[in-house]
Amino acid sequence: MRTVQIRTYRVREGRLDEWVRAWQTLVVPLRREFGFEVHGSWVDRERDAHIWVISYDGDQSFEEANAAYWASPQREQLGVDPAEFLVGEEVRTVEQVL
């Protein structure tokens, strides 16, 4: 069963564009390698926020696939530490109704 999450990240002031570039070029391709689908991404400049939608529909649960992604050597080699950019995060798991 497909699991979908809407993720909202609050980004350090002045770092939004830098974060989005790193996320687009490094994080998204690796997420896709691990079987995730990224459905879209938006910025809310007024709130220094990055919003994106991710899903997983594989053999593992979303949580298991996510843990494998974070524990992978490939993730470690990205050289992107979210703590360097992000000051807050809200993750919502949602169900499609339409």
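Predicted model only: the values in this text are computed from it and were never measured.

Draft legend 1. Main features of the overall build of the protein. Looking only at helices and strands, the protein features four helices and four strands. The secondary structure elements of the protein, listed N-terminal to C-terminal, are β-α-β-β-α-α-α-β. Computed over C-alpha atoms, the radius of gyration of the protein comes to 13 Å, within 12% of the 13 Å expected from 2.2 N^0.38 for 98 residues, which places it in the range of a compact globule. In terms of its C-alpha atoms, the protein occupies a principal-axis envelope of roughly 40 × 35 × 20 Å. Taking all 98 residues of the protein together, the buried fraction comes to 39%. Of the contacts made within the protein by residues no fewer than 6 positions apart, 70% connect residues no fewer than 24 positions apart. Of the roughly 6,400 Å² that the protein leaves accessible, carbon and sulfur atoms contribute 47%. Each charge class in the protein can be summarised by its mean position, and for the 12 positive and 18 negative side chains these summaries are 4 Å apart.

Draft legend 2. Broad picture of the packing of aromatic side chains. For the structure shown, the criterion picks out nine aromatic pairs. For the pair Phe36 and Tyr56, a centre-to-centre distance of 5.1 Å together with 45° between the ring planes defines the contact as tilted. Of this pair, Phe36 sits in strand β2 (residues 36-44) while Tyr56 sits in strand β3 (residues 49-56); the two residues are 20 residues apart in sequence, bridging distant segments of the chain. Classification of Tyr56 as buried rests on a relative accessible area of 7%. Aromatic pair Phe36 and Tyr69: ring centres 6.5 Å apart, planes at 75°, arrangement edge-to-face. With Phe36 in strand β2 and Tyr69 in helix α2 (residues 62-71), the pair connects residues that are 33 residues apart, well separated along the chain. Residue classification places Phe36 among the buried positions, given a relative accessible area of 3%.

Draft legend 3. Structural detail: the pairing of β3. Where burial is concerned, most of β3 is hidden: seven out of the eight residues are buried. With eight bridges joining them, strand β1 (residues 3-11) and β3 adopt antiparallel strand pairing. Among the inter-strand pairings, Ile6 is bridged to a residue of β3, identified as Val53. Pairing between β2 and β3: eight bridges, direction antiparallel. Looking at β3, one finds that Gly40 is bridged to Val53. The antiparallel hairpin formed by β2 and β3 contains four residues in its connecting segment, where Asp48 sits at a positive phi of about 50°.

Draft legend 4. Just the nonpolar core, in detail. Formed by 22 residues in total, the largest nonpolar core has its most connected members in Trp19, Trp23, Phe36, Trp52, Tyr69 and Leu86. Where this core is concerned, the elements lending two or more residues are β1, α1 (16-33), β2, β3 and α2. The element contributing the most residues to this core is α1, with eight residues.

Criteria and cut-off values
Residue positions are counted from 1 within each chain, in the order its sequence is given. Predicted model: local features are reported for residues with pLDDT of at least 70 only, side-chain atom pairs are reported and counted for 80 or more only, and whole-chain, interface and lining totals are derived from all residues. Side-chain measures here rest on the full set of heavy atoms in the structure, leaving out hydrogens and waters. Secondary structure is summarised from DSSP: a helix means a run of H or I of at least four residues, a strand means a run of E of at least two, and numbering begins at the N terminus for each. The globule rule used here is 2.2 Å times the number of residues to the 0.38 power, and the radius of gyration it is set against is calculated over C-alpha atoms. Residue exposure (1.4 Å probe, protein chains only): buried if accessible area is under 20% of the type maximum, exposed if over 50%, otherwise partly exposed. Contacts are residue-level and defined by heavy atoms, with any inter-residue pair within 4.5 Å sufficient. Methods summary: accessible areas were calculated by the Shrake-Rupley approach with a probe of 1.4 Å, and residue burial reflects only the protein chains presented. Positive: Lys, Arg. Negative: Asp, Glu. His and the chain ends are not part of the count. In this description, the location of a charge corresponds to atom NZ of lysine, CZ of arginine, CG of aspartate or CD of glutamate. When the centres of two rings from Phe, Tyr and Trp lie within 6.5 Å, Trp using its six-membered ring, the rings pair. Their planes under 30 degrees apart give stacked, over 60 give edge-to-face, and anything left gives tilted. Two strands make a pair as long as DSSP finds a minimum of two bridges between them. Here, the term nonpolar core denotes a set of buried Ala, Val, Leu, Ile, Met, Phe, Trp, Tyr and Cys residues that are joined through side-chain atoms within 4.5 Å.

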